[in-house]
Amino acid sequence: MIFMRIDEILNKKRTLSFETFPPKKGLDDIDKLKATLDELAKLNPDFISVTYGAGGTNSKGNVEIASYIKNHLNIESIAHLTGGPSSYEDIDRVCAELKKNNIENILALRGDKPIDYESEYCKYFKHATDLMEYLSKYDFTLGGACYPEGHIESDSLKDDLVHMKEKEEKGAKFFITQIFYDNEYYYRLVSEARKIGIKSPIIPGIMPLTSPKSIQRVKQMCGSTIPLNYKNMLEFYMDNPKVFKELGYNYSVYQIMDLLAKGAPGIHLYVMNNVETAKEVTGRLENVIKEYF
Ligand code: FAD
């Protein structure tokens, strides 16, 4: 099996990728997640990412799952890693585990301080760029996060873009965006990023809204704007769970087809361990995936 790092895959083709997370109940649930990953693998993604639990929890699951994806399913994996809760020793330990398991891609992040987190946050790594700089002593392909609507802590998109450029300078070879529902934010981000010289591929992150609860989740997680016409439809179908789901999948398909038509380098689906979501969206895009990925 010949593996290519994510930047190498992006040089050759459009990527389809899925985001997953380690089991919340710890490693007891790992078999269930492995069964989920087996199903996701059948959809032929170019890579699968594994989040690093908020506050550094589930870090063990992170490497084990990334390893299962790479070494058992033969699919490129990318481990997320957050500097906020980590010390230099923590990062060295995780990197050693990643190396041992032949995992070559890291999405280097700061993370957010959980409300109940008691230790000092960002003691060693104030920003994702500090983590990227530290990781430069290892040979990993690094990716970074970016924000079509601007990061919540940034005063302006312009400020945020300056830091995005720093991420590229510190080694990020590609970016994955925060979830968005209005593609115009993505196009603006790409256009402004190119103007200031950011050259790396910017992969749009898409997450279908499949239930009223998922709207709340997105609100809490990142507060992405939902366009008024979509909001009106979501409200209209709110009491019909089946139709609501159908709307969520179809809206994501519409977003993806528009993004591809305008040159997006790939699609990152925030499937969040939900096989149905992955199947429904990719199933509706069967011919598109055959022709355009
Ligand atoms: P940073 O790049 O440090 O940015 C945070 C803020 O600081 C921004 O406003 C930025 O403009 C500003 N900034 C950046 N650099 C500097 C600087 N040098 N000086 C001054 N200001 C600066 N969280 C998790 O806990 N686990 C995950 O697995 C995870 N996966 C994610 C995957 C993706 C694709 C995305 C988009 C987000 C993910 N997150 C995850 C959430 C992420 O940790 C938060 O969005 C966090 O608030 C910012 O992380 P960052 O890496 O972008 O931080």
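Bear in mind the structure is a predicted one, so any value in this text is a computation, not a measurement.

A. Focus on the environment of Phe-18. Considering the arrangement of structural elements, one finds Phe-18 in strand S1 (residues 15-20). Between the C-alpha atoms of Phe-18 and Met-1, which are 17 residues apart in sequence, the distance is 21 Å.

B. Just the site of the ligand, in detail. In the vicinity of the ligand lie 26 residues, with Tyr-52, Asp-112, Tyr-147, His-151 and Asp-160 positioned nearest. At 2.9 Å, a side-chain N or O of His-80 approaches an oxygen atom of the ligand. Relative to its free-state accessible area of 970 Å², the ligand is covered by the protein chains to the extent of 86%. Counting only elements with at least two residues in the shell around the ligand, the list comes to strand S3 (76-82), strand S4 (105-109), helix H5 (128-135), helix H6 (157-169) and strand S6 (172-179).

C. Main features of the environment of Glu-166. Turning to its location among the elements, Glu-166 is positioned in helix H6. Taking relative accessible area as the criterion, Glu-166 reaches 29% and is therefore assigned partly exposed. As a C-alpha pair, Glu-166 and Thr-129 span 37 residues in sequence and 6.8 Å in three-dimensional space.

D. Quick peek at the nonpolar core. Within the largest apolar cluster, 62 residues are counted, with the highest numbers of intra-cluster contacts made by Leu-37, Ile-106, Leu-135, Met-164 and Ile-202. Here Leu-37 is in contact with Thr-20, Ile-48, Ile-65, Tyr-68, Ile-69 and Leu-73, once residues within four sequence places are set aside. Grouped together as the second largest cluster of nonpolar side chains are 24 residues, Ile-78, Phe-174, Met-207 and Leu-247 included.

E. Representation of the packing of aromatic side chains. Within the structure shown, the criterion is met by 12 aromatic pairs. Where Tyr-186 meets Tyr-187, the ring centres are 5.8 Å apart and the plane angle is 70°; that geometry is what we call edge-to-face. Taken individually, Tyr-186 and Tyr-187 each receive the classification buried, so the pair is uniform in this respect. Centroid distance Tyr-230 to Tyr-251: 3.6 Å. Interplanar angle 5°. Geometry classified as stacked. Pair noted here: Tyr-230 is in helix H9 (residues 228-236) and Tyr-251 is in helix H10 (residues 241-261), with a separation of 21 residues, a long-range link. The two residues Tyr-230 and Tyr-251 agree in class, both being buried. Put simply, the rings of Tyr-88, Tyr-124, Phe-125 and Tyr-134 touch in pairs and so form one group of aromatic residues. Between the NZ or CZ atom of Lys-70 and the centre of the ring of Phe-3, over which it lies, the distance is 4.5 Å.

F. Local environment of the pattern of salt bridges. Across all of its chains, the model carries 21 salt bridges by this definition. Salt-bridge contacts for Glu-97 lead to Arg-93; the nearest nitrogen and oxygen are separated by 3.9 Å. Note that Glu-97 and Arg-93 are positioned in helix H4 (residues 88-100) at a spacing of four residues, about one turn of the helix. Glu-97 sits in the partly exposed class, given a relative accessible area of 25%. Among the ionic contacts, a cluster of salt bridges with common partners joins Arg-5, Lys-70, Glu-76, Glu-104 and Asp-139.

What counts and how
- Residues numbered from 1 in each chain as written.
- Predicted model: local features only at pLDDT ≥ 70, side-chain atom pairs only at ≥ 80, totals over all residues.
- Heavy atoms only, no water.
- Helix = DSSP H or I, 4+ residues; strand = E, 2+ residues; numbered from the N terminus.
- Near = heavy atom within 4 Å.
- Polar contact = N/O pair within 3.5 Å; in protein donor to acceptor, adjacent residues only side chain to side chain.
- Areas by Shrake-Rupley, 256 points an atom, 1.4 Å probe, with all protein chains shown as cover.
- Buried < 20%, exposed > 50% of the residue type's maximum accessible area, 1.4 Å probe, protein only.
- Core = buried A, V, L, I, M, F, W, Y, C linked by side-chain atoms within 4.5 Å.
- Contact = heavy atoms within 4.5 Å.
- Phe/Tyr/Trp six-rings, centres within 6.5 Å; stacked < 30°, edge-to-face > 60°.
- Lys NZ or Arg CZ within 6 Å of the ring centre and 35° of its normal.
- Salt bridge = Lys/Arg side-chain N within 4 Å of Asp/Glu carboxyl O.

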